[in-house]
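Structural features, examined
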Amino acid sequence: MPVTVSDEQLQSQFTYIDAIASMVGGKQLRAYTHTFGCQQNEADTERIRGMLRQMGYEMTNDVNEADFILFNTCAVREHAEDRAFGNIGSLTHLKKRRPEVIIALCGCMAQQEKNVEKIKKSYPQVSLLFGTHALWRFPSLLYRVLSGEKRVFDIGGEDDIAEGLPVLRAAGPKAWLSIMYGCNNFCTYCIVPYVRGRERSRRPEEIEKELRELVEAGYKEITLLGQNVNSYGKDLGLDLDFAGLLRRLNAVPGDFWLRFMTSHPKDASPRLFDAMAACDKVAKQLHLPFQSGSDEILRRMNRRYTAADYRALIADARAKMPDITLSSDIIVGFPGETEADFEQTLKLVHDVQFDLLFTFLYSPRTGTPAASYEENATPQEKQNRFERLLKAQDEIVARRQAAYQGKTLRLLIDGTAKGPDYPFTARTEGNLLVCVRGEGITIGSFIQATIEKTSLRCLFAQKK
Ligand code: 5AD
Ligand code: SF4
């Protein structure tokens, strides 16, 4: 059973929020946040912004005018870590000029010893650091900094769940809804289980309550979040799995789309696709990372499915939802990947015809098993494979996008576009990006529109 942070513990955080509010009251302090990495991190930042707002901070997009600066970091690839260090490094002058500015770092990097040591030694401008497990304690940690403690580091904490934290969501009709935290899978390349802990599911009634609040507040696209949503509920001891949760949430009244991510092929099942097909509010869209098309590489990644299993899942999903859009994650250049292994990946990409792919060059992560696996391909070979994969996928996407020409689709208007010809952005049910024109369009509304032209990254539509 997952442990929930007690009411008493949470209440004490609200006391700190109030205490900070009276400290900052009338001072017009501003907070700036920057999020690296995945949607889970974005959802976490929204909680921190919620707490900051309740403390009396105004949000700003200009780091130079901020009194509190927070980086919510990602550790999944080296590149993300380098960027976070680069961003903090670039604030050295600002901190010299305005020593009263508080620079804080949280998220997955803050949960890793090697990074914490590096921050301690080489980044004295960081005065507050807390890991993913300490997020709910943020008010008490910030209070200590505001009370004069030079550096506050909190990387402890249990795999517990904190309900009822305030949240400040990004503008627009879309919202994240975390349904579970952590991961139990230990894919051999992945740092996530080490920095986010074991899987723990929120109780269904808490999730449903939050969904109802979101729908009442006017949100139109709600994405259920978890590292591996298909194993939702396994730790709760209830007779409810992810497919059951989808059916329960689909019954919440209102006009909205439900999405979810991420799914793991080993836990995705015909039951899930039956539920998706049966639920009118569940968008017919699936992000199902396969990582590699080679069974040998999948085995060494500890993914616990084969390429044939994956193909069978896709066939089942398409049989039940013929128009479903599909996306996936792929790692290129995993240790031991041969040209023949890579060709299996290319073949799977050709056979499935995905609408969108997220392709990554393998990045060794200290502490994961694969970090000690022997590399065989040269960086040039890996880069070459990466580029071939991108090229193959671009050709597929160009064909798939072109097939939308002339079709009329239901769209959710979600923002404004840069170009003058098509002033709004929207998403299809399949989560494809559309630029839209027409009379009387408002952000947050569903409309019917006809696709007038297509490009690799965008569809262009006229409102009906
Ligand atoms: N190197 C490269 N890509 C990685 N991912 C996770 N760990 C690594 C790594 N060490 C990718 C996987 C995952 C996505 C979120 O990031 O494809 O699905
Ligand atoms: Fe990482 Fe695998 Fe868990 Fe995804 S399922 S977070 S890739 S360990």
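Preceding block: the structure.
Source: prediction; values computed, not measured.

A word on the environment of Ile441
Relative to the assigned elements, Ile441 resides in the loop between strand 19 (433–437) and strand 20 (446–454). A residue is classified by how much of its surface remains accessible, and Ile441, at 9% relative accessible area, is buried. Along the backbone, Ile441 and Thr416 are 25 residues apart, and their C-alpha atoms lie at a distance of 10 Å. Excluding its chain neighbours within four sequence positions, the residues that come into contact with Ile441 are Ile413, Phe424, Val436 and Lys463.

Some words on the pattern of salt bridges
Evaluated as defined, the whole model comprises 35 salt bridges. Among the ionic pairs, Glu210 bridges to Arg169, the shortest N-O distance being 2.7 Å. With Glu210 in helix 8 (residues 204–216) and Arg169 in the loop between strand 8 (160–161) and strand 9 (174–178), this residue pair connects regions lying 41 residues apart in the sequence. For Arg271, the salt bridge identified is with Asp241, shortest N-O distance 2.8 Å. With Arg271 in helix 10 (residues 270–278) and Asp241 in the loop between strand 12 (221–225) and helix 9 (242–250), this residue pair connects regions lying 30 residues apart in the sequence. Classification of Asp241 as partly exposed rests on a relative accessible area of 26%. It is possible to trace a salt-bridge network through shared partners that takes in Arg47, Glu163, Arg169, Arg202 and Glu210.

Topic: the sheet that holds strand 2 (residues 30–35)
Taking strand neighbours across the sheet as the criterion, the six strands line up as 3-2-4-5-6-7 in an open arrangement whose pairing is parallel. Looking at strand neighbours, the two that pair on one side only are strand 3 (58–59) and strand 7 (152–154), the edges of this open sheet. As paired strands, strand 6 (residues 126–130) and strand 7 are joined by three bridges and run parallel to one another. Paired with Leu129 across the two strands is Phe153, which belongs to strand 7. Helix 2 (residues 39–54) rests against strand 2, strand 3, strand 4 (68–73), strand 5 (102–107) and strand 6 of the sheet, and its axis sits at about 175° to strand 2.

Reading guide: rules and limits
Residues numbered from 1 in each chain as written. Chains lettered and ligands numbered in written order. Predicted model: local features only at pLDDT ≥ 70, side-chain atom pairs only at ≥ 80, totals over all residues. Heavy atoms only, no water. Helix = DSSP H or I, 4+ residues; strand = E, 2+ residues; numbered from the N terminus. Buried < 20%, exposed > 50% of the residue type's maximum accessible area, 1.4 Å probe, protein only. Contact = heavy atoms within 4.5 Å. Salt bridge = Lys/Arg side-chain N within 4 Å of Asp/Glu carboxyl O. Pairing = 2+ DSSP bridges. Axes fitted to C-alpha atoms, helices over the stretch in contact; angles between N-to-C directions.

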